[in-house]
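A closer look at the structure
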Amino acid sequence: MNGSRIAAVGHYQPAKVLTNEDLAGLVDTSDDWIRSRVGIRTRHIAGPDEPVDELAAHAAAKALAAAGLAPGDIDLVLVATSTAVDRSPNMAARVAARLGIPSPAAMDVNVVCAGFTHALATADHTVRASGATRALVIGADKMSEVTDWTDRTTCVLVGDGAGAAVVEAAPSADVPGIGPVLWGSVPEMGHAVRIEGTPARFAQEGQSVYRWATTQLPPIARRACERAGLAPADLAAVVLHQANLRIIEPLAEKIGAVNAVVARDVTDSGNTSAASIPLAFSKLVERGEISTGDPVLLFGFGGNLSYAGQVVRCP
């Protein structure tokens, strides 16, 4: 079996920025109320002419360029999203068409906020089993399209964007790259986070999600580190799903990653669902806050009350 590694990352956000002050003109809220409860200051919102696959393609193109690869070098495209409007063609096929990737395997992965880490694990497994040589793994969501902008409990949370990673075969399974995934779900509590109805709308039971994330997930995240042969103190960075600063900070503290940079991109981007982890990870790399080879915990959680985490080495 091959090993696998992340060769490069990239991200993209729409140009339009929606501030807390802007939201205060739409619903009964304020900058102080939003910051004190979720830690968000701004978020990016895509226009009606910016579909999910366009966001995804921009991020993927940046990752390809950073890896020094051409579209023809990719043989697997995985897009994690829960905001695809159409059932077919899927987002992965549409991204492949936009980028000119010839004859890839193209699949969507819908695990909502944990989608990217599930898709990354799927790419890792496929490359290790020689089912693909290079994969584009993308998290992309247009949460603004499934949001009730009159509901102050949810509209203050969301943003749009995409993040991508190029996963490629490494010389051997012993080469540090993408660590073993630890994943699972709590299906009987799937109602706690929903995107359903016609038209589809995002809703959640905030207190239930908060209690679950801050009490049940820390030991699971620590076990993901153990599977990679590391202690939490060995981590250079922790990139959690960017749901809410009041979840991110206590969860990171309980994991015990005392020496790690903790991604807090939620403050500027809001909750971008499947895009949040690759978006935040790519920004850490771009800003030079982590270095090549550094161990980074990626840990997604949320919709379906699903979770998936793995330790990766920074490209």
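Above this text is the structure in question.
Below: a short report on this structure.

1. Let's talk about the overall build of the chain
- Scanning the chain from terminus to terminus reveals eleven helices and 14 strands.
- In summary, the chain has a C-alpha radius of gyration of 18 Å against a globular reference of 20 Å for 315 residues, a match within 12%.
- Overall, the C-alpha framework of the chain stretches about 55 × 40 × 40 Å when taken along its three principal axes.
- The buried share of the chain, taken over its 315 residues, is 57%.
- Look at the contacts in the chain between residues 6 or more apart in sequence, and 77% of them connect residues 24 or more apart.
- A total accessible area of about 12100 Å² is found for the chain, and carbon and sulfur atoms account for 49% of it.

2. Let's talk about the nonpolar core
- Of all hydrophobic cores here, the largest spans 47 residues; its most connected members are W212, L217, L235, L240, L297, F299 and F301.
- Listing elements by their share of this core, those giving two or more residues are helix 2 (31-38), helix 7 (206-215), helix 8 (217-227), strand 11 (237-240), helix 9 (245-255), strand 13 (295-302) and strand 14 (306-313).
- A per-element tally of this core places helix 9 first, with six residues.
- Once residues within four sequence positions are removed from consideration, L297 is found in contact with A221, A224, C225, L235, A237, V238, V239, I255, Q310 and V311.
- The next biggest cluster of nonpolar side chains, apart from the first, holds 32 residues, and it includes L78, V109, A114 and L120.

3. Quick word on the packing of helix 7 against helix 8
- Where helix 7 meets helix 8, the closest approach of the two axes is 4 Å, and the angle between their N-to-C directions is 40°. If you check the angle between helix 7 and helix 8, you find them oblique. Along the contact surface, helix 7 presents W212, A213, T214 and T215, while helix 8 presents L217, P218 and P219.

4. As for the side chain of S82
- Inspection of the secondary structure assignment puts S82 in the loop between strand 4 (76-80) and helix 4 (91-99).
- The class of S82 is buried, set by a relative accessible area of 16%.
- Ignoring any residue separated from it by four or fewer positions in sequence, one finds S82 in contact with N110, V112, D141, I195 and S273.

5. Overview of the pattern of salt bridges
- The tally for this structure, following the rule as stated, stands at 13 salt bridges.
- The salt bridge partner of K142 is E145, with a shortest N-O separation of 3.5 Å.
- Across the salt bridge formed by E249 and R264, the nearest N and O atoms sit 3.1 Å from each other. Taken as a pair, E249 in helix 9 and R264 in the loop between strand 12 (261-262) and helix 10 (266-269) lie far apart in primary sequence, 15 residues in all.
- One continuous salt-bridge network, built from bridges that share partners, spans R5, R134 and E168.

6. A word on the packing of aromatic side chains
- Counted according to the given criterion, the structure contains two aromatic pairs.
- Measuring from ring centre to ring centre gives 6.3 Å for F299 and F301, while their planes differ by 40°; the resulting arrangement is tilted.
- For F299, a relative accessible area of 0% gives the class buried.
- Connected via pairs of aromatic rings, a cluster forms that spans W212, F299 and F301.
- One cation-aromatic arrangement involves R152 over W33; the distance from NZ or CZ to the ring centre is 4.6 Å.
- A cation over a ring is seen here: R246 above Y210, with NZ or CZ 5.5 Å from the ring centre.

7. Focus on the sheet that holds strand 5 (residues 105-109)
- Pairing is mixed in the open sheet, where five strands are placed in the order 1-7-6-4-5. Of all strands in the sheet, those bounded by a partner on one side alone are strand 1 (3-12) and strand 5. Across the sheet, the axes of successive neighbouring strands diverge by a mean angle of 20°, strand direction being ignored.
- As defined by bridge partners, strand 1 adjoins strand 7 (residues 160-170) across nine bridges and the pair is classed as antiparallel.

8. Notes on the packing of helix 7 against helix 9
- For the pair helix 7 and helix 9, interaxial distance at closest approach is 8 Å and the crossing angle is 20°. Between helix 7 and helix 9, the crossing angle belongs to the class labelled roughly parallel. The handedness of the crossing between helix 7 and helix 9 comes out as right-handed. Here V209, Y210, A213 and T214 of helix 7 come into contact with helix 9, specifically with R246, I247, P250, L251 and K254.
- Its residues placed into classes, the contact of helix 7 with helix 9 shows six nonpolar, one polar and two charged.

9. With respect to helix 11 (residues 276-286)
- Buried residues dominate helix 11, accounting for nine of its eleven residues.
- Trailing helix 11 by a residue or two, G288 shows a phi angle of about 75°, which is positive.

10. A few points about the environment of E145
- As for its position among the elements, E145 is in the loop between strand 6 (134-142) and helix 6 (152-155).
- Of the residues examined, E145 reaches a relative accessible area of 38% and is grouped as partly exposed.
- Linking E145 and I45, residues 100 residues apart in sequence, is a C-alpha distance of 9.3 Å.
- With residues up to four places along the chain from it excluded, the contact list for E145 reads V85, A200 and R201.

Conventions we followed
- Residues numbered from 1 in each chain as written.
- Predicted model: local features only at pLDDT ≥ 70, side-chain atom pairs only at ≥ 80, totals over all residues.
- Heavy atoms only, no water.
- Helix = DSSP H or I, 4+ residues; strand = E, 2+ residues; numbered from the N terminus.
- Rg over C-alpha atoms; globule rule 2.2 N^0.38 Å.
- Buried < 20%, exposed > 50% of the residue type's maximum accessible area, 1.4 Å probe, protein only.
- Contact = heavy atoms within 4.5 Å.
- Areas by Shrake-Rupley, 256 points an atom, 1.4 Å probe, with all protein chains shown as cover.
- Core = buried A, V, L, I, M, F, W, Y, C linked by side-chain atoms within 4.5 Å.
- Axes fitted to C-alpha atoms, helices over the stretch in contact; angles between N-to-C directions.
- Parallel < 35°, antiparallel > 145°, perpendicular 65-115°, else oblique.
- Salt bridge = Lys/Arg side-chain N within 4 Å of Asp/Glu carboxyl O.
- Phe/Tyr/Trp six-rings, centres within 6.5 Å; stacked < 30°, edge-to-face > 60°.
- Lys NZ or Arg CZ within 6 Å of the ring centre and 35° of its normal.
- Pairing = 2+ DSSP bridges.
- Left-handed = near helix turned anticlockwise from the far one by under 90°.
- Nonpolar A, V, L, I, M, F, W, Y, C, P; charged D, E, K, R; others polar.

None of the figures reported here should be taken as evidence of function without further support.
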